Amino acid sequence: MTPCDAGGGLARLEVMGTVVSFAIRGPAPATLLERALYEAVSWLRWVDETFSTYKSGSEVNRFDRGELPPSGCCPEVRQVLALCHQLNQGTGGFFDAWARGRWDPSGVVKGWSIDRASDILLAHGLGDHIVDGGGDVRLRGAPRPGATWTVGVRHPLQRDAFAAALAVGAGAVATSGTYERGLHVLDPFTGRAACTLASVTVVGPDLTTADAYATAALAMGRAAPGWLETLDGYDAQVTTPEGRGWSTEGFKRLRVA
Amino acid sequence: MRRAVIATVGTAVGLVLLLGYKAGTPSKPQEVSVGGGAAATTTVPGATTTAPGSTTTTTGGSGGSATAGTFTGQLVDYAYGDLQVAVTIKDNRVSDVSVVENEATDPRSQMIDSEAVPILQQEALSAQGVNIDVVSGATFTSDAFAQALQSALQKAGK
């Protein structure tokens, strides 16, 4: 075993239509890093195969077409199905995996699978890391002893600005916006693309929920701040296409810039 | 449109992990391929690179004072191209960050880079060498930018 500094322990994977990158800090043997990353990467690739709505033979598509009963699905698909129902209820219906006329759990699967990938690294003793799924991030531990992770939040309107820089000890930061993927979030009650807000950033303990809440808030539009304020353990920032911003008091406390 | 993107990246699932060694230990990065199944041998050309001997964290400029001038960091490969930045130090502060080279190899990445890179530059300026570890809401380039910037700052002695 070669001792090495994991400060350079970076890895990147194209999966689920995005790029997932890992940054692992703290001293760790190279073989351990390799084993842990192999497991995390294999997990994400399995998730991609199983939950893809683009691959016709995926388990999610077979279930959606009625070829598989719920009992015939693997435990992970059943778990994600349950999460979709829970998050639909927890967001007053604004997070809706059925909004497009079929079951599309993609809005849960990315955050959930990244949370699980982070769990895999932790199970290997790699407690200081970031897993970044296309700008939605799960963080654990610290970048170095005594320090705190710093997360920049991209400004949705100004190409040369940040909307915030946050000190995040551990947890998740998810941003849902209309600027990079276009108007891709539907208001499930009107069936129209959500366009009242430019972006929503949610900070919380896990990415599964933070990501779904950010998506739901984007769909809510003007009602989002009132709802976000009621959430326990989650803080948020909202920006409008006119360049106005709103954030919870807790979000303001996380700001370093 | 999203279907087309998936078709493009779905066939090229691959991963290269490079482990940078601490200064003082052998300085060549060790290249380790990670993957499973048939795609294990599929490596995206120039997928991920850590500059030899570099680490991705900075101590935030405690102690060391930087020399005035402009310092160009190493060329950093990332999933979609190459990135190189230069920092200008004046009065012991970062007064400018410029992208010397940003060659993205696919059109989608170029589009994203044209947005993400200027934002990351702005942050380097406002943070004056305090590292942003990750960017929420910007995809693909933040690691590469952090590495490229770190490399330039190291040359500046910042």
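Predicted, not measured: the structure shown is a model, and the values here were computed from it. Residues take numbers from 1 onward in each chain, read along the sequence in its written order. Think of it this way: whatever chain is written first is A, whatever ligand is written first is 1, and the rest follow in order. This being a predicted model, a pLDDT of at least 70 is required before a residue's local features are given, and a value of 80 or more before pairs of side-chain atoms are given or counted; all residues contribute to the totals for chains, interfaces and linings. Hydrogen atoms and water are omitted, and side-chain values are computed over all heavy atoms in the structure.

Enquirer: Give a description of the overall build of chain B that names residues and reports values.
Expert: Numbering of helices and strands starts at the N terminus; helices are DSSP runs of H or I of at least 4 residues and strands are runs of E of at least 2. Within chain B, the regular secondary structure consists of three helices and seven strands. Mapped in sequence order, the helices and strands of chain B form the string α-β-β-β-β-β-β-α-β-α. With 158 residues in all, chain B has 50% of them scored as buried. Residues are treated as being in contact if the distance between any of their heavy atoms lies within 4.5 Å. Partitioning the contacts of chain B with sequence separation of at least 6, the portion at a separation of at least 24 is 58%. Burial status follows relative accessibility: with a 1.4 Å probe on protein chains alone, a residue under 20% of its type maximum counts as buried, one over 50% as exposed, and anything between as partly exposed.

Enquirer: Lay out the confidence of the model for chain B in plain terms, naming residues and giving numbers.
Expert: Residues and elements named next belong to chain B. For chain B, the average pLDDT comes to 49, and 16% of its residues sit at 70 or higher. Each residue gets a pLDDT score, which is the predictor's confidence in that residue and runs from 0 to 100. Taken element by element, the predicted model of chain B shows its lowest mean pLDDT in strand S1 (residues 16-19) (28) and its highest in strand S3 (residues 69-72) (80). Contacts of residues 1-64 to residues separated by more than four positions or lying in other chains number 130 contacts, the stretch itself having pLDDT below 50.

Enquirer: Talk me through helix H5 (residues 207-220) of chain A; I want residue IDs and the actual numbers.
Expert: By this rule the span expected of a helix is its residue count minus one, scaled by 1.5 Å. Counted at 1.5 Å a residue, the expected span for H5(A) with its 14 residues is 20 Å, and the 19 Å between its end C-alpha atoms agrees. Any pair of nitrogen or oxygen atoms within 3.5 Å is treated as a polar contact; in protein, a donor-acceptor pairing is required on top of that, and neighbouring residues in sequence qualify only through side-chain atoms on both sides. One side-chain oxygen of the residue at the start of H5(A) lies 3.4 Å from the amide nitrogen of A:Thr208, identifying that residue as A:Asp206.

Enquirer: Go over the packing of helix H3 (residues 75-90) of chain A against helix H4 (residues 106-123) of chain A, please, and point to the residues and values.
Expert: Residues and elements named next belong to chain A. It is at 11 Å that the axes of H3 and H4 come closest, and there the two elements cross at 120°. By the angle between their directions, the pair H3 and H4 is classed as oblique. Crossing angle aside, the handedness with which H3 passes H4 is right-handed. Packed against H3, whose contacting residues are Glu-76, Gln-79, Val-80, Leu-83, Cys-84 and Leu-87, the element H4 presents Val-108, Val-109, Trp-112 and Arg-116 at the interface. Fitted lines through C-alpha atoms serve as axes, helices being fitted only where they are in contact, and the angles separating the N-to-C directions of these axes extend from 0 to 180 degrees. Orientation categories follow fixed angle ranges, with anything under 35 degrees roughly parallel, anything over 145 roughly antiparallel, 65 to 115 roughly perpendicular, and all other angles oblique. Handedness of a crossing is defined here by the sense of rotation of the near helix relative to the far one, left-handed for an anticlockwise turn of less than a right angle and right-handed for a clockwise turn.

Enquirer: Report on the state of the cysteines, specifying residues and quantitative values.
Expert: Residue and element names in this part refer to chain A. Here, two cysteine sulfur atoms that lie within 2.5 Å of each other are counted as a disulfide. Counted by the stated rule, this structure contains zero disulfides over all chains. Free cysteine: Cys-73, not disulfide-bonded; nearest cysteine sulfur from Cys-74 at 6.8 Å. The exposure class of Cys-73 is buried, given its relative accessible area of 5%. You can call Cys-74 buried: its relative accessible area is 15%.

Enquirer: Please set out the pairing of strand S11 (residues 235-239) of chain A residue by residue, giving values where relevant.
Expert: Each regular strand displays side chains that alternate between the two surfaces of the sheet. Residue and element names in this part refer to chain A. Most of S11 sits inside the fold, with four of its five residues counted as buried. The rule for pairing is simple: two strands pair if DSSP sees at least two bridges between them. The pairing of strand S10 (residues 199-204) with S11 spans five bridges and is classified as antiparallel. Bridging from a neighbouring strand, Val-200 pairs with Val-238 of S11. Count of turn residues in the S11/strand S12 (residues 245-247) antiparallel hairpin: five residues, of which Gly-243 carries a positive phi of about 95°.

Enquirer: Got a sec to walk through the pattern of salt bridges? Specific residues and values, please.
Expert: Side-chain pairs of opposite charge can arise whenever the charged atoms involved come near each other. Residue and element names in this part refer to chain A. What counts as a salt bridge is simple: a side-chain nitrogen of Lys or Arg found within 4 Å of a carboxyl oxygen of Asp or Glu. Taken as a whole, this structure holds eight salt bridges over all chains when the rule is applied. Residue Asp-48 pairs with Lys-55 through a salt bridge whose shortest N-O separation is 3.8 Å. Accessibility expressed as a relative area gives 28% for Lys-55, which makes it partly exposed. A salt bridge links Arg-140 to Asp-119, with the shortest nitrogen-to-oxygen separation between them at 3.0 Å. One end of the pair, Arg-140, is in strand S6 (residues 136-140); the other, Asp-119, is in helix H4, with 21 residues separating them in the sequence. Residue classification places Arg-140 among the buried positions, given a relative accessible area of 14%. Through salt bridges with shared partners, a single network forms among Asp-48, Glu-49 and Lys-55.

Enquirer: Please give an account of the packing of aromatic side chains that cites residues and values.
Expert: All names here are of chain A. Classification of ring pairs uses Phe, Tyr and Trp, with its six-membered ring standing for Trp, and accepts pairs whose centres are within 6.5 Å; under 30 degrees between planes counts as stacked, over 60 as edge-to-face, and the remaining range as tilted. All chains considered together, the criterion is met by six aromatic pairs over all chains. Residues Trp-43 and Trp-46 carry aromatic rings whose centres are separated by 5.7 Å and whose planes lie at 25° to one another, so their mutual orientation is stacked. Of this pair, Trp-43 and Trp-46 both sit in helix H1 (residues 30-51), three residues apart, which is roughly one turn of the helix. The exposure class assigned to Trp-43 is buried, which follows from its relative accessible area of 10%. The class of Trp-46 is partly exposed, set by a relative accessible area of 33%. Ring plane angle 70° and centroid distance 5.1 Å describe the contact between Tyr-213 and Tyr-234, whose orientation is recorded as edge-to-face. Linking Tyr-213 in helix H5 with Tyr-234 in the loop between helix H6 (224-228) and S11, this pair joins segments that are 21 residues apart in sequence. Residue classification places Tyr-213 among the buried residues on the basis of a relative accessible area of 12%. Ring pairs connect the aromatic residues Trp-43, Trp-46, Phe-51 and Trp-112, which therefore count as one cluster.

Enquirer: An account of the side chain of A:Ser199 is needed here, citing residue identities and associated values.
Expert: With respect to the helices and strands, A:Ser199 occurs in strand S10. A polar contact is formed between the side chain of A:Ser199 and the side chain of A:Thr239, at a distance of 2.8 Å.

Enquirer: Please give an account of the packing of H1(A) against H4(A) that cites residues and values.
Expert: All names here are of chain A. Close contact between H1 and H4 brings their axes to 9 Å; oriented N to C, the two are set at 160°. The pairing of H1 with H4 is recorded here as roughly antiparallel in orientation. Viewed along their axes, H1 and H4 form a crossing whose handedness is right-handed. In contact with Ala-36, Leu-37, Glu-39, Ala-40, Trp-43, Leu-44, Val-47 and Phe-51 of H1, H4 contributes Val-109, Trp-112, Ser-113, Arg-116, Ala-117, Ile-120 and Leu-121. Across the contact of H1 with H4, the residue classes break down as twelve nonpolar, one polar and two charged. Here the term charged refers only to Asp, Glu, Lys and Arg, the term nonpolar to Ala, Val, Leu, Ile, Met, Phe, Trp, Tyr, Cys and Pro, and the term polar to all other amino acids, Gly among them.

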